[in-house]
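Observations on the model geometry
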Amino acid sequence: MKNYITPFVFSAFIFAGLACSHKSAQQITPDRVFMDVTHGAVKKVSPIYGVREDSTACFIRDGAMFTADGIICNDTAGPWIKCDEEGIWYDDLECGNPYYYNPPVRDSLGRVIEFYSNNYSYLAQELRPVFCWYSSFMEHNIYNGNSLSPSDMYIVDRVDTDKETSMEVWRKQYKYIENDSQGNWIRRKSTVTIVELSGEAMEYYAPLCDLGLPLETRIKLENELCLEVENKSNKNIEITSDFVEIETREVEYYE
């Protein structure tokens, strides 16, 4: 595992650069970038599932269906929920629960800023979603160069109750190991480290929960946290889990 994440710079990846041809303008759309399927005329991307080394399976992210113009459409399946004790996942309709489709909420550039009850934000005119948050739960996606698939992700989960406050940070590092014939990834390895913060460490890293934290400060805190985790130098930072997960998905295309 790397000692820390190298500070990164977001490219000026604007709409004008994407629409270099009529064909690419149809295929690379804000919605397809949002769902990380940017090669070919994608019709459907399945939910992402992960399998750990101990064979534990888990749900990672919802899928979506697209119109021929690359817009997330009303046929998109609803949120997936776990319905039995054997770890099998079904969608709401299969479980007998009615699901009413709510289309994504968009900003003035057509980018998805609200979907599946999650909120998303971007940097400047970037199409790649940088932050996702739900209550006190927040994700920070990190990209290298012009890649439209994240290289790393931090998940910060802070829970405040009447009795106590807890803070957990996940670091996920991705290695893409298989693409389909069009070039979209269908298999990747996720190296995950989960740490629990307490005491002075929780107070110091608490700004990571702030969506408005300047990017430079966020990178600095994430790098510092990585070093402390690697060196096991802080008694208030405990590694609670460390595992590798293989994530897979399926992608279908218009002919």
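The text that follows walks through the structure, step by step, so that each part is easy to find. Model, not experiment: these values are computed from the prediction. (Residues numbered from 1 in each chain as written. Predicted model: local features only at pLDDT ≥ 70, side-chain atom pairs only at ≥ 80, totals over all residues. Heavy atoms only, no water.)

When you line up the elements, Ser190 lands in strand 14 (residues 185-197). The contact partners of Ser190, leaving out residues within four places of it in the chain, are Lys172, Gln173, Tyr174, Phe243, Val244, Glu245 and Glu247. (Helix = DSSP H or I, 4+ residues; strand = E, 2+ residues; numbered from the N terminus. Contact = heavy atoms within 4.5 Å.)

This next bit is on the sheet that holds strand 1 (residues 42-45). Pairing in this open sheet of 3 strands is antiparallel, and the strands run 4-1-16 from one edge to the other. Looking at strand neighbours, the two that pair on one side only are strand 4 (64-65) and strand 16 (251-253), the edges of this open sheet. Pairing of strand 1 with strand 16 involves 3 bridges; the strand directions are antiparallel. Looking across to strand 16, one finds that Val42 is bridged to Tyr253. (Pairing = 2+ DSSP bridges.)

What follows concerns the pattern of salt bridges. If you walk through the whole model with that rule in mind, you get 8 salt bridges. In this structure, Glu247 and Arg188 form a salt bridge, with 2.8 Å as the shortest nitrogen-oxygen distance. Of this pair, Glu247 sits in strand 15 (residues 237-248) while Arg188 sits in strand 14; the two residues are 59 residues apart in sequence, bridging distant segments of the chain. Using a relative accessible area of 0% as the deciding quantity, one classes Glu247 as buried. By sharing partners, the salt bridges in this structure join Lys172, Arg188 and Glu247 into a single network. (Salt bridge = Lys/Arg side-chain N within 4 Å of Asp/Glu carboxyl O. Buried < 20%, exposed > 50% of the residue type's maximum accessible area, 1.4 Å probe, protein only.)

The next thing to look at is the packing of aromatic side chains. Throughout the structure, instances matching the rule amount to 6 aromatic pairs. On the numbers, 6.3 Å between centres and 45° between planes, the contact of Tyr174 with Tyr176 is tilted. Take Tyr176: its relative accessible area is 28%, and that puts it in the partly exposed class. Ring centres 5.8 Å apart and planes at 65° place the aromatic pair Tyr176 and Trp185 in the edge-to-face group. Looking at Trp185, the relative accessible area reads 3%, which means it is buried. Put simply, the rings of Phe34, Phe115 and Tyr120 pair up and form one aromatic cluster. The side chain of Arg61 reaches across the aromatic face of Phe34, ending 5.1 Å from its centre. Above the ring of Tyr174, the side-chain terminus of Arg188 is found at 3.9 Å from the ring centroid. (Phe/Tyr/Trp six-rings, centres within 6.5 Å; stacked < 30°, edge-to-face > 60°. Lys NZ or Arg CZ within 6 Å of the ring centre and 35° of its normal.)

The next subject is unusual backbone geometry. In the Ramachandran plot, Ala124 falls in the positive-phi region, its phi being about 50° despite a non-glycine side chain. The topology assignment puts Ala124 in the loop between strand 9 (118-121) and strand 10 (131-134). Despite not being glycine, Lys232 shows a phi value in the positive range, around 50°. Within the secondary structure, Lys232 sits in the loop between helix 5 (215-231) and strand 15. Residue class for Lys232 comes out exposed when judged on its relative accessible area of 66%.

If you look at the biggest cluster of nonpolar residues, it comprises 17 residues, and the most contacted ones within it are Met167, Val169, Leu197, Tyr205, Leu208, Leu225 and Ile237. Tallying contributions element by element places helix 5 first for this core, with 4 residues. When near neighbours in sequence (up to four residues on either side) are disregarded, Leu197 contacts Met167, Val169, Met202, Tyr205, Leu225, Asn236 and Ile237. (Core = buried A, V, L, I, M, F, W, Y, C linked by side-chain atoms within 4.5 Å.)

Geometry only, nothing functional implied.
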